[in-house]
Amino acid sequence: MPKVITSPLPRWQGSVTLADPLTLPQVELIEAAFEPLKNIPDSGQVYLTALDKPQIPAILACVEKWELTDFPAPTLETFPMTPRKATHDLIAWIFGELRRIYIGELDTPNE
């Protein structure tokens, strides 16, 4: 059953509907987006775009419906990347929710 998440972001209010359960192609895109997180330099400096870029294909593959204010349904070519902090926060929020679906069974306490 799809999962509707409500935006906590002031810039884009509304909701996004995520696929749940995820398919193999969706999971593969999510796993591919984990790789750059493993390679953050020791200095801790990393450009936001380097983190966001591999997450966008996973987001696009997993979002079933966009219902955010002033945010048209994007494609890879049209996904807004500015203002940079706001779009990074959006990508981080949606990908974080996808991660929760991906590892959901690990979050379920033993009963």
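Student: I would appreciate a short explanation of helix α3 (residues 55–62) in the present structure.
Tutor: Each α-helix winds once per 3.6 residues, and so residues spaced three or four apart point in a common direction. Along α3, the residues classified as buried are Gln55, Ile56, Ala58, Ile59 and Cys62. The arc that holds the buried residues of α3, viewed along the axis, is 160°, so those residues lie on one side.

Student: Sorry, what's going on with the environment of Ile30 here?
Tutor: Relative to the helices and strands, Ile30 resides in helix α1 (residues 24–38). Ile30 sits 65 residues away from Phe95 along the chain, and the two C-alpha atoms are 8.3 Å apart.

Student: Help me out: how do you make sense of the pattern of salt bridges in this one?
Tutor: If the charged atoms of two oppositely charged side chains come close together, the side chains can form a pair. The full count for this structure, using the stated rule, is five salt bridges. With its nearest N and O atoms 4.0 Å apart, the salt bridge here joins Lys65 to Glu67. A relative accessible area of 41% places Glu67 in the partly exposed class. The closest approach of N and O atoms between Asp89 and Lys85, which form a salt bridge, is 2.7 Å. One end of the pair is Asp89 and the other is Lys85, both in helix α4 (residues 84–102) and four residues apart, which spans about a single turn. Three or more residues are tied together by salt bridges with common partners; here these are Lys3, Glu97 and Arg100.

Conventions adopted
Residues numbered from 1 in each chain as written. Predicted model: local features only at pLDDT ≥ 70, side-chain atom pairs only at ≥ 80, totals over all residues. Heavy atoms only, no water. Buried < 20%, exposed > 50% of the residue type's maximum accessible area, 1.4 Å probe, protein only. Helix = DSSP H or I, 4+ residues; strand = E, 2+ residues; numbered from the N terminus. Arc of directions from axis to C-beta. Salt bridge = Lys/Arg side-chain N within 4 Å of Asp/Glu carboxyl O.

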